[in-house]
Amino acid sequence: MALFDFFKGKKEQREVPSPGVQGESPASDDQGRGILVFENTSEVIRAETLLKGQGWEIRVMGPPPEIRQGCDLVIEFPLIEQLNILRTLEGEGLPPLKTVPVTSPLLQPVDIFQVKDFGGYLMVRAANMKLTVDKKTNNIVNVSGGGCPDVPYLAASMVGRTLADAPSPREIGHTLCGYALQLAYEEIKRQCYV
Amino acid sequence: MLCVVGTVPTENFPLVEGEVKLIGDQLQIGTSTIAINRGTPALLAAAVKTADVLGQPSPYAYLVGDTGTGKGSRRLYVHLTEVLPQTSFQTITFHYLQPLIPWHKRLQNAIGAMTHRPRPIADAGYMYMAKMSGAAADYDLFTPDVGELAFLADEEAPHPFYTRGFILHEDNRVPDLITRAYKHRNAARYLLIKGEKDHLADASGILESIDSPMEEALEAIGGTGDTLTGLVSVLIDGGMAINEAAVAAMRTNRLAGRYARPTPATQVIDIIGHIPQAYRDLFGTG
């Protein structure tokens, strides 16, 4: 199950405020968790897909303050599996920059969507990103919000194309804003295809 | 003079600096041309149009290509730390840049080495970085939308992607979010909050709200926040007090939006063209 499948599962809770405490992942009660730190968000996505595809129990989370660079994600994993996981990643040319034990709660990505119906158009907002489509044609007509530099790039790549034809933010985005847009993209597809 | 720092969404766009001109529907800086779309190009186009109406010099920009890998932003940060101390900009607006916390302090030092302190304005990724770095209070103006205001209000969140749900749900209670942002020192001296209603706020709360003309479709149009940041930057650089400039910018941006007769499918370039007329109709200059 990839990150966005994970979010899909969480969508059942949309419009419901989360409990207000971040990092309350099922795994955070365990003592033996570590985090894998990568060079950039794109590597995190690749590593996540690889590890989940092989059945490892991992989660994509926000980094703790002491290793925060700015626009980043980390992978939380069971420390007891460290050697096996590192071997898997190295085998695929994806070695992490470092591995750190989890010592404090990790940040959890946003899981709330806001939907606005303009009549002929539907807009979905996830965190700071908004995606708008023409309801009749499923054409993506606008992307707004965000602040990382892949947002204008994503907008230029997606606007004017249909939901079916446009590249997904996951494929071409690199940042947390790109992640947020992916969530909006998945939610709007769910809304338009139901 | 106004300085704008940002990115162009093309990976191979070179690092360039210079005065920005508007030639037809393209921006020109040195020998490079840039299509006007959302992001820093929209901010610059709005700024050039506004400066033209006011008879002010066009903005000076530092730009680099970056599609989200952060490579371009890093190169730009390196360049800025070298050149900014020798400059004398009155106002510097930082925009779509990759948030890379270690660079923020270095740039703050470079700005501190300038002969005169410029008025720093931050929007988009650089605003995220300023907040993450705990240096929000060093800025004169942030220009968040309501979602980004929730991020500023969440003292735990290093990026809007991690804004906690119970805070995100407060977006109908803008005054509470403002209070919380200032309480934790995560807001600039002024906040210009872009949304269905635009607000100007400071540590005492909302100073002014503008909700007319109302065009609901503007919320969906990418780049309308960028044009507002461009407008307010030029007005501040022209000598207007920040609170007056913010109100004038909010009113102008909304009226330009109205003139474009927008739908959610309207593109920001169709609004930018109406900025001069909107400004003249409101304030008579030019």
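Please read all numbers here as calculations on a predicted model, not as lab measurements.

### With respect to the overall build of chain B
So, point 1. When helices and strands are tallied, chain B shows eleven helices and eleven strands.
So, point 2. Over its C-alpha trace chain B gives a radius of gyration of 17 Å, about what one expects of a compact globule, namely 19 Å for 286 residues.
So, point 3. Sequence-distant contacts in chain B: of pairs separated by 6 or more residues, those separated by 24 or more amount to 70%.

### Some thoughts on the interface of chain B and chain A
So, point 1. Each partner contributes to the interface: chain B provides 46 residues, whereas chain A provides 45 residues.
So, point 2. For the side of chain B that touches chain A, the secondary-structure elements that each account for two or more residues are helix 4 (124–132), helix 5 (146–153) and helix 6 (165–168) of chain B.
So, point 3. In terms of residues, the side of chain B that touches chain A owes the most to one element, helix 4 of chain B, which gives six residues.
So, point 4. Across the side of chain B that touches chain A, the residue classes break down as 23 nonpolar, 16 polar and seven charged.

### Topic: the domain arrangement of chain A
So, point 1. Taken domain by domain, chain A consists of domain 1 (3–11 + 28–101) and domain 2 (113–193).
So, point 2. Between the C-alpha centres of domain 1 of chain A and domain 2 of chain A there is a distance of 26 Å.

### Details of helix 8 (residues 224–237) of chain B
All names here are of chain B.
So, point 1. When the terminal C-alpha atoms of helix 8 are compared, their 20 Å separation across 14 residues agrees well with the 20 Å that a helix rising 1.5 Å per residue should span.
So, point 2. Most of helix 8 sits inside the fold, with 14 of its 14 residues counted as buried.
So, point 3. Once helix 8 finishes, G239 follows within two positions and takes phi at roughly 110 degrees, a positive value.

### Digging into the sheet that holds strand 9 (residues 190–193) of chain B
All names here are of chain B.
So, point 1. One open sheet holds the eleven strands; their spatial order is 4-3-2-5-1-6-7-8-9-10-11, and the pairing between them is mixed. The open sheet is flanked by strand 4 (32–35) and strand 11 (205–210), the only strands paired with a single partner.
So, point 2. Contacts from helix 2 (residues 71–83) reach strand 1 (2–8) and strand 5 (60–65), with the element oriented near 145 degrees to strand 5.

### A word on the pairing of strand 5 (residues 113–117) of chain A
Residue and element names in this part refer to chain A.
So, point 1. The sheet contact formed by strand 5 and strand 6 (residues 121–126) spans five bridges and is antiparallel. For D117, the partnering residue across the bridge sits in strand 6 and is L122.
So, point 2. Counted along the chain from strand 5 to the antiparallel partner strand 6, the turn is three residues long, and its residue G119 has a positive phi close to 95 degrees.

### Digging into the confidence of the model for chain B
So, point 1. Per-residue confidence for chain B averages 95 on the pLDDT scale, and 98% of its residues sit at or above 70.
So, point 2. Taken together, the chains of this predicted complex give a pTM of 0.88 and an interface ipTM of 0.93.

### Quick notes on the sheet that holds strand 7 (residues 129–134) of chain A
All names here are of chain A.
So, point 1. Taken together, the four strands give an open sheet; going across it, the order is 5-6-7-8, and neighbouring strands pair in antiparallel fashion. In the strand order of this sheet, the two ends are held by strand 5 and strand 8 (140–145), each with one partner. In this sheet, neighbouring strand axes are inclined to one another by 15 degrees on average, regardless of whether the strands run parallel or antiparallel.
So, point 2. Relative to strand 6, helix 6 (residues 176–193) is tilted by about 140 degrees, and along the sheet it contacts strand 5, strand 6, strand 7 and strand 8.

### Observations concerning the nonpolar core
So, point 1. Counting 148 residues, the largest nonpolar core has L131, A180 and A184 of chain A together with V232 and A246 of chain B as the members making the most contacts within it.
So, point 2. In terms of residues, this core owes the most to one element, helix 6 of chain A, which gives nine residues.
So, point 3. Counting the residues that make up this core, at least three belong to each of domain 1 (3–11 + 28–101) and domain 2 (113–193) of chain A.
So, point 4. What L131 of chain A contacts, discounting residues up to four positions off in sequence, is M123, V124, I140, V143, L181, A184, Y185 and I188 of chain A.

### Description of helix 6 of chain A
So, point 1. In a regular helix each residue adds 1.5 Å, so 18 residues correspond to 26 Å; helix 6 of chain A covers 26 Å between its end C-alpha atoms and thus fits that length.
So, point 2. Most of helix 6 of chain A is tucked away: 13 of the 18 residues are buried.

### Comments concerning the packing of helix 2 of chain B against helix 3 (residues 101–112) of chain B
Residues and elements named next belong to chain B.
So, point 1. Two elements in contact, helix 2 and helix 3, have axes separated by 8 Å at closest approach and are oriented at 25 degrees. One element, helix 2, and the other, helix 3, form an angle in the roughly parallel class. Helix-helix and strand crossings are classified by hand; for helix 2 and helix 3 the assignment is left-handed. Between helix 2 and helix 3, the contacting residues are Y77, L80 and T81 on the first element and W103, R106, L107 and A110 on the second.

### Examining the packing of helix 5 of chain B against helix 7 (residues 174–183) of chain B
Axis angle and axis distance: for two packed helices, these are the angle between their axes and the distance between the axes, and together they describe the pair.
Residue and element names in this part refer to chain B.
So, point 1. Where helix 5 meets helix 7, the axes come as close as 8 Å, and the angle between the chain directions of the two elements is 40 degrees. In this view, helix 5 runs oblique relative to helix 7, as classed from their interaxial angle. Judged by the twist between their axes, the crossing of helix 5 over helix 7 is left-handed. From helix 5, V146, L149, A150, L152 and A153 reach across to helix 7, where they touch V174, L177, R180 and A181.
So, point 2. A class-by-class count of the residues in the contact of helix 5 with helix 7 yields eight nonpolar, no polar and one charged.

Reading guide: rules and limits
- Residues numbered from 1 in each chain as written.
- Chains lettered and ligands numbered in written order.
- Predicted model: local features only at pLDDT ≥ 70, side-chain atom pairs only at ≥ 80, totals over all residues.
- Helix = DSSP H or I, 4+ residues; strand = E, 2+ residues; numbered from the N terminus.
- Rg over C-alpha atoms; globule rule 2.2 N^0.38 Å.
- Contact = placed C-beta atoms within 7 Å.
- Nonpolar A, V, L, I, M, F, W, Y, C, P; charged D, E, K, R; others polar.
- Domains from an automatic or database assignment.
- Expected span 1.5 Å × (residues − 1).
- Buried ≥ 20, exposed ≤ 12 C-beta atoms within 10 Å, placed from the backbone.
- Pairing = 2+ DSSP bridges.
- Axes fitted to C-alpha atoms, helices over the stretch in contact; angles between N-to-C directions.
- pLDDT = per-residue confidence, 0-100.
- Core = buried A, V, L, I, M, F, W, Y, C linked by C-beta atoms within 7 Å.
- Parallel < 35°, antiparallel > 145°, perpendicular 65-115°, else oblique.
- Left-handed = near helix turned anticlockwise from the far one by under 90°.

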